[in-house]
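# Chain and residue survey
Given next are the chains, with one letter for each unit.
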2 protein chains.
Amino acid sequence: VSARRPLHPVELIERTRDGDEPSGEEIAALVAHYVAGEVAPEQMSAWCMAVVFRGLSDPGTEALCQAMVESGRQIDLSALGRRVVDKHSTGGVGDKTTIALAPLVAACGVPVAKMSGRGLGHTGGTLDKLESIPGFRVALGVEEMIEQVERVGCAVIAQTADLVPADRMLYALRDVTGTVPAPALIAASVMSKKIAAGADAILLDVKVGDGAFARDLGTARELARLMRAIGEQSGRPTVTELTRMDEPLGRAVGNALEVAEAVEMLQGGGPEDLAELVLASAGRLLALSDLGVDEAEGRRRAVDAVESGQAVSALERWIDAQGGDPGLGDDPWSVLERAPVRVEVRASHAGVVQRVGALAVGRAAAALGAGRRRPGEDVDHAVGVVVEVGRGDRVARGDVLAEVHARDAAAAEHAVERLQGAIVIGDEPVAALPVLIETSG
Amino acid sequence: VSARRPLHPVELIERTRDGDEPSGEEIAALVAHYVAGEVAPEQMSAWCMAVVFRGLSDPGTEALCQAMVESGRQIDLSALGRRVVDKHSTGGVGDKTTIALAPLVAACGVPVAKMSGRGLGHTGGTLDKLESIPGFRVALGVEEMIEQVERVGCAVIAQTADLVPADRMLYALRDVTGTVPAPALIAASVMSKKIAAGADAILLDVKVGDGAFARDLGTARELARLMRAIGEQSGRPTVTELTRMDEPLGRAVGNALEVAEAVEMLQGGGPEDLAELVLASAGRLLALSDLGVDEAEGRRRAVDAVESGQAVSALERWIDAQGGDPGLGDDPWSVLERAPVRVEVRASHAGVVQRVGALAVGRAAAALGAGRRRPGEDVDHAVGVVVEVGRGDRVARGDVLAEVHARDAAAAEHAVERLQGAIVIGDEPVAALPVLIETSG
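By convention here, each chain's residues receive numbers from 1 onward along its written sequence. By the order in which they are written, chains take letters starting at A while ligands take numbers starting at 1. In view of the model being predicted, local features appear only for residues whose pLDDT reaches at least 70, and side-chain atom pairs are presented and counted only at 80 or more, with totals across whole chains, interfaces and linings using the full set of residues. Water and hydrogen atoms play no part in the side-chain values, which are based on all heavy atoms of the structure.

### Here's the deal with the overall build of chain A
- A tally of regular secondary structure across chain A gives 16 helices and 13 strands.
- Rg of the C-alpha trace for chain A: 22 Å, near the compact-globule value of 22 Å for 441 residues, within the 12% margin.
- Principal-axis analysis of the C-alpha atoms places the extent of chain A at approximately 70 × 45 × 35 Å.
- Across the 441 residues in chain A, those meeting the buried criterion constitute 56%.
- Any two residues whose heavy atoms approach within 4.5 Å are treated as being in contact. The contacts of chain A with a sequence gap of at least 6 include a subset with a gap of at least 24, amounting to 78%.
- Carbon and sulfur atoms form 47% of the exposed surface of chain A, whose accessible area is close to 16600 Å².
- Positive charges come from Lys and Arg alone, negative charges from Asp and Glu alone, with His and the N- and C-terminal ends not counted. Where a charge sits is defined by one atom per residue type, namely NZ (Lys), CZ (Arg), CG (Asp) or CD (Glu). Both charge centroids of chain A, one from 45 positive and one from 65 negative side chains, sit 1 Å from each other. Where helices and strands are cited, they refer to DSSP runs of H or I of at least four residues and of E of at least two residues respectively, numbered from the N terminus. To get the radius of gyration, use the C-alpha atoms; to get the globule rule, take the number of residues to the power 0.38 and multiply by 2.2 Å. Here the term buried applies to any residue with accessible area under 20% of the maximum for its type, exposed to any over 50%, and partly exposed to those in between, with areas from a 1.4 Å probe on protein chains only. Methods summary: accessible areas were calculated by the Shrake-Rupley approach with a probe of 1.4 Å, and residue burial reflects only the protein chains presented.

Laid out in structure tokens, this is it:
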């Protein structure tokens, strides 16, 4: 009720602008009135820009998040009778972690009921990746989701329309008004979705690097700290991991390509950095769960699930339950569509790979059709890039650096050019960097 | 044409936000697309907020102003065959300068063709004041205005709808989004209207104090400097005067009350600060005109025009031409409406007047009905406040400090209370301060 009392939006904007932060109640009222159409978009965007410059205090950020949660439905997962853990990544290039992590954690006996989003810009969304599996349905209702989790241990569905409408409105507004990069706004957005979706404990993967929102460690740490503060204040244990996003995660960038790589990981293969991140995250999620294990024991159980084949079995049950062909677990490319044109990118000279630019690779894949430029656009599930080298690798002239998967030759050619610039070869001997930077919480 | 090429508003907002100011061409394109409805209000308000924090360079401000001018009709006053001078005030409490200055300058042989605005908030607009003269018409067309100036030397009309539509849109947007206080935006707004209205040379009265936008000298100087830079860049000599707005200008605050005080000044009477500002401004305007006189000679001619009665005659011809009763020049209160309730505010103790708060007096008058809270509201022409003392005056207990002119007793009572707080009496001997702080240009 207090969130709907009369308010003076201009005064709240002016005070935020001048560094005299409105109270949590006032911020909550601003959000409630915005959702109700009583605060104009031009007022909300001006307020967001003032927040970009001034930031928000922790209590202000918490009030913003809570008001966003209360703008819509809050899902009750208590029917599962378990502590429900959830995981979120702030988004990066080649991030297919969820597709491997969800069945892996389920294989270890922890239920996964996850809502996910679509991608915009150069980072693809988990839903787009899953939809590259023919027949896979993401538009499940909450009851259907809960029933599926009880039956097969795992479900990943599209966020339902009644969940956090304030976030949907604010996200669309910020996207077109240059008001995305405010840690307080990002933290409130991420946490509002996790809290409304019913998570009891949350693992957050905060990406750092040129392919992520947080380009430097300081920004990433501030964002992680804010999200932990919100989690703590709302009584939901929250752990953050900061991970490197200077290079793509794994080798594959593109929807079907990433699904295949995630399956490969569950089969015991795949790139080292992806396996490391998935296994470490699984350990942390099991430690947050009601299994009563610590992180090290959690990781051991995850490794066992991969080695025993239980992880792949969990994947097959999950894919089958949501309408896809479970043959995916045995041979991904018997199910997924391959792009018709494949062109190799080769080294023009010998040397050491100094850098594989995440942003540049992501943009090359998006330009091939793997990403979308505006909401509602279709993505091409088959196209993308597979990078064959990483920082520190020695290459000879003519070695394959990457493979482009394209719809036609012209698109492939453009991508090859972009990738020649994205993969930097020099004389300096450099070392590969671990994917995990630090963990807190 | 260049202003209508494709543009990426989000990119321009982001660059402004990050201190990488877009080019003048890009700023012009942003304005042109906003007026055409192709840049959304929520984008424009976010951009304005970024400008509040980052400011704009002089070339950026000039480009913004020029684009605003080009958004609508540009008036050609060359039919008058004279150098046309114009004057603008950034707005303050009790500012009736134009009503005395326009006929005074006309009496000295310099044509005045002026467009003016309505007030919003605690500062009334010249049009509202003039409309307290029964029958006075402000909605003249440009041709009618020019014809009147040729015939009687003077016209003050409402800004026509086709003039600077970008300013009308931006002003309304900034008013509700907390993005008013940016010197670059204010300077571009003021100068765009003067330039589009056909002025060849411009005198700007920048008010400083709690009753004005610029509360401190630094802000006022920056605003004055920016406006002179725009004037110079557009080839229109521009002079700025910084004047004090800690106390109301003159004694009368309220529409008819202010008209009467302006007439009194032309008759050779009225408060000293008002006479000083009007005569000094007249001298500067004559020096900017094609008469070929300097400021001192201009002021002498203005003094002569008052003393000889030519100033009042010019006023009478002007008022008559626009439909009002020329008897105003002889006896204002035979023409203007007096408020039915008049209550005196008396000193509760003896002492020295430390301060007559301009903002507080302005708000008291607005609350009586002299101002409007939102565009389109009617104002009550008769009501207002006449302050009888000024800073430095000694008063005994029971002396009259001010007179409230109200529509009813309840409103009068509220105003008396407000004024008791606005007029501060203390023991400190203080001196009156000159109205003019400094002149430049």
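Resuming the write-up.
### A look at the pattern of salt bridges
All names here are of chain A.
- A carboxyl oxygen of Asp or Glu within 4 Å of a side-chain nitrogen of Lys or Arg is what we treat as a salt bridge. Tallied over the full model, the rule gives 58 salt bridges over all chains.
- Between Asp86 and Lys194 there is a salt bridge, with its nearest N and O atoms 3.2 Å apart. One end of the pair, Asp86, is in strand β1 (residues 85-89); the other, Lys194, is in helix α9 (residues 183-196), with 108 residues separating them in the sequence. For the residue pair Asp86 and Lys194, the accessibility class agrees, reading buried in each case.

### Re the packing of aromatic side chains
- Note on aromatic contacts: the rings of Phe and Tyr and the six-membered ring of Trp form a pair at centre separations within 6.5 Å, being stacked when their planes are under 30 degrees apart, edge-to-face when over 60 apart, and tilted otherwise. All chains considered together, the criterion is met by three aromatic pairs over all chains.
- Ring centres 4.3 Å apart and planes at 0° place the aromatic pair Phe53 of chain A and Phe53 of chain B in the stacked group. Of this pair, Phe53 of chain A sits in helix α3 (residues 41-54) while Phe53 of chain B is found in helix α3 (residues 41-54), placing the two residues in two different chains.
- Overall, Phe53 of chain A belongs to the partly exposed group, its relative accessible area being 25%.
- Measuring from ring centre to ring centre gives 6.0 Å for Phe136 of chain A and Trp318 of chain A, while their planes differ by 90°; the resulting arrangement is edge-to-face.

### Thoughts on the packing of helix α1 (residues 9-17) of chain B against α3 of chain B
All names here are of chain B.
- Axes, fitted as lines to C-alpha atoms, cover a helix only where it is in contact. Angles between the N-to-C directions of the axes lie from 0 to 180 degrees. The interhelical angle for the contact between α1 and α3, taken along N-to-C directions, is 15°, at an axis separation of 9 Å. As the angle between them shows, α1 and α3 are arranged roughly parallel. In this structure, α1 crosses over α3, and the sense of that crossing is left-handed. Judged by residue contacts, Pro9, Val10, Leu12, Ile13, Thr16 and Arg17 of α1 engage Gln43, Ala46, Trp47, Ala50, Val51 and Arg54 from α3.
- Just so you know the grouping, Ala, Val, Leu, Ile, Met, Phe, Trp, Tyr, Cys and Pro go in nonpolar, Asp, Glu, Lys and Arg go in charged, and all remaining residues, Gly too, go in polar. Considering only residue class, the contact of α1 with α3 consists of eight nonpolar, two polar and two charged. Here the angle decides the label: under 35 degrees means roughly parallel, over 145 means roughly antiparallel, 65 to 115 means roughly perpendicular, and every other value means oblique. For any helix crossing, the convention is left-handed if the near helix is rotated counterclockwise from the far helix by under a right angle, and right-handed if that rotation is clockwise.

### Description of the relation of the copies chain B and chain A
- With an RMSD of 0.1 Å, the fit of chain B onto chain A corresponds to turning through 179° and sliding 0.0 Å along the axis. Those values place the two copies in the arrangement expected of a two-fold rotation axis. Proximity to the rotation axis, assessed at the C-alpha, singles out Glu42 of chain B in chain B; its C-alpha lies 1.9 Å from the axis. Superposing copies: least-squares fit, C-alpha atoms only, residues required to have pLDDT of at least 70 in both.

### Focus: the environment of Leu173 of chain A
- Note on placement: Leu173 of chain A falls in helix α8 (residues 165-177).
- For the pair formed by Leu173 of chain A and Ser45 of chain A, sequence separation is 128 residues and the distance between their alpha carbons is 6.8 Å.
- Non-local contacts of Leu173 of chain A, meaning those with residues more than four positions away in its chain, are made with Tyr34, Pro41, Met44 and Ser45 of chain A together with Glu42 of chain B.

### A closer look at the sheet that holds strand β10 (residues 394-395) of chain A
All names here are of chain A.
- Two strands are counted as paired when DSSP detects at least two bridges linking them. Pairing within the open sheet is antiparallel, and its three strands lie in the order β10-β8-β12. Strands at the two margins of the open sheet, each flanked by one partner only, are β10 and β12 (423-426).
- Sheet strands in contact with helix α16 (residues 409-422) are β8 (351-356) and β12, and its direction is about 45° off that of β12.

### As for the state of the cysteines
Residues and elements named next belong to chain B.
- For this text, the term disulfide refers to a pair of cysteine sulfurs within 2.5 Å. As enumerated under the stated definition, the model contains zero disulfides over all chains in all.
- Free cysteine Cys65: the closest other cysteine sulfur is in Cys48, separated by 14 Å.
- Left without a disulfide partner, Cys154 is nearest to the cysteine sulfur of Cys108, which lies 12 Å away.
- Of the residues examined, Cys154 reaches a relative accessible area of 0% and is grouped as buried.

### Observations concerning the interface of chain B and chain A
- Residue-level contacts link 21 residues of chain B with 21 residues of chain A.
- When two parts are put together, the accessible area they lose, computed with a 1.4 Å probe and summed over both, is reported as buried area. Between chain B and chain A, the buried area comes to about 1600 Å², and carbon and sulfur atoms account for 74% of it.
- When the buried area of chain B at its contact with chain A is split by residue, Arg17, Glu42 and Phe53 of chain B rank highest and sum to 36% of it.
- Counting every contact that joins chain B to chain A gives zero salt bridges.
- Going through the elements one at a time, α1, α3 and α8 (165-177) of chain B are the ones with two or more residues in the side of chain B that touches chain A.
- Across the side of chain B that touches chain A, the residue classes tally to eleven nonpolar, five polar and five charged.

### Section: helix α4 (residues 58-69) of chain A
All names here are of chain A.
- Take the residue count of a helix, subtract one, and multiply by 1.5 Å to get its expected span. With twelve residues, α4 extends 16 Å between its outermost C-alpha atoms, agreeing within 8% with the 16 Å of an ideal straight helix rising 1.5 Å per residue.
- Turning to α4, its buried residues number three or more, namely Gly60, Thr61, Glu62, Ala63, Leu64, Cys65, Ala67, Met68 and Val69.
- Elements that come into contact with the buried residues of α4 comprise α2 (24-35), α3, α8, α9 and α10 (217-233).
- Between a side-chain oxygen at the N-terminus of α4 and the backbone nitrogen of Gly60 the separation is 3.0 Å; the capping residue is Ser57. By the criterion applied in these results, polar contacts are pairs of N or O atoms within 3.5 Å in which, for protein atoms, one can donate a hydrogen and the other can accept it, and in which residues neighboring in sequence qualify only through two side-chain atoms.

### Some thoughts on the sheet that holds strand β7 (residues 341-346) of chain B
Residue and element names in this part refer to chain B.
- Sheet architecture is open: four strands sit in the order β6-β9-β11-β7, paired in antiparallel fashion. In this open sheet, the two edge strands, each paired with only one partner strand, are β6 (252-253) and β7.
- Judged from the four bridges that link them, strand β9 (residues 384-387) and strand β11 (residues 400-406) form a sheet pairing that is antiparallel. Each bridged residue has a counterpart across the sheet, and for Val385 the counterpart in β11 is Val404.
- Packed onto the sheet, helix α15 (residues 358-370) meets β6, β9 and β11 and runs at close to 145° relative to β9.

### Points about the side chain of Glu42 of chain B
- Note that Glu42 of chain B resides in helix α3.
- Buried within the structure, Glu42 of chain B lacks any salt-bridge partner; its nearest side chain of opposite charge belongs to Arg174 of chain A, at an N-O separation of 13 Å.

### Examining unusual backbone geometry
Residue and element names in this part refer to chain A.
- For Val164, which is not glycine, the phi torsion reads 45° and is therefore positive.
- Note on placement: Val164 falls in the loop between β3 (154-158) and α8.
- Taking relative accessible area as the criterion, Val164 reaches 0% and is therefore assigned buried.

### Some words on the nonpolar core
- Core analysis: the largest hydrophobic core is formed by 130 residues, its most contacted members being Trp47 of chain A together with Trp47 of chain B.
- Excluding its chain neighbours within four sequence positions, the residues that come into contact with Trp47 of chain B are Leu12, Ile13, Thr16, Ile27, Leu30, Leu56, Leu64 and Leu185 of chain B. Throughout this description, the term nonpolar core refers to a set of buried Ala, Val, Leu, Ile, Met, Phe, Trp, Tyr and Cys residues connected via side-chain atoms within 4.5 Å.

### Section: the confidence of the model for chain A
- When the pLDDT values of chain A are averaged, the result is 94; 97% of them are 70 or greater.
- Note on the complex model: pTM 0.88, ipTM 0.87. The predictor reports its confidence for every residue as pLDDT, a score running from 0 up to 100.

### Details of the pairing of strand β5 (residues 238-244) of chain A
Residue and element names in this part refer to chain A.
- Counting buried residues in β5 gives six out of seven residues, a clear majority hidden from the surface.
- As paired strands, β5 and strand β13 (residues 436-440) are joined by four bridges and run antiparallel to one another. Bridge pairing in β13 places Glu241 opposite Thr439.

### Description of helix α7 (residues 142-152) of chain A
All names here are of chain A.
- Of all the positions in α7, only Val142, Met145, Ile146, Gln148, Val149 and Val152 are classed as buried. Taken down its axis, α7 places every buried residue within 160° of arc, on the same side. In α7, the exposed positions that point more than 90 degrees away from the buried face belong to Glu143, Glu150 and Arg151.
- Buried residues along α7 sit against β2 (112-116), β3 and α14 (310-321).
- Gly153, located one to two residues past α7, shows a positive phi value of around 90°. When we speak of the arc, we mean the arc of directions from the helix axis to the C-beta atoms.

### Some points on the packing of α4 of chain A against α9 of chain A
Residues and elements named next belong to chain A.
- For the pair α4 and α9, the least separation of the axes is 8 Å and the interaxial angle reads 40°. One way to sum up the angle between α4 and α9 is to call them oblique. Crossing handedness for the pair α4 and α9: right-handed. For the pair α4 and α9, contact is made by Thr61, Leu64, Cys65, Met68 and Val69 and by Ala184, Leu185, Ala187, Ala188, Ser189, Met191, Ser192, Ile195 and Ala196, respectively.

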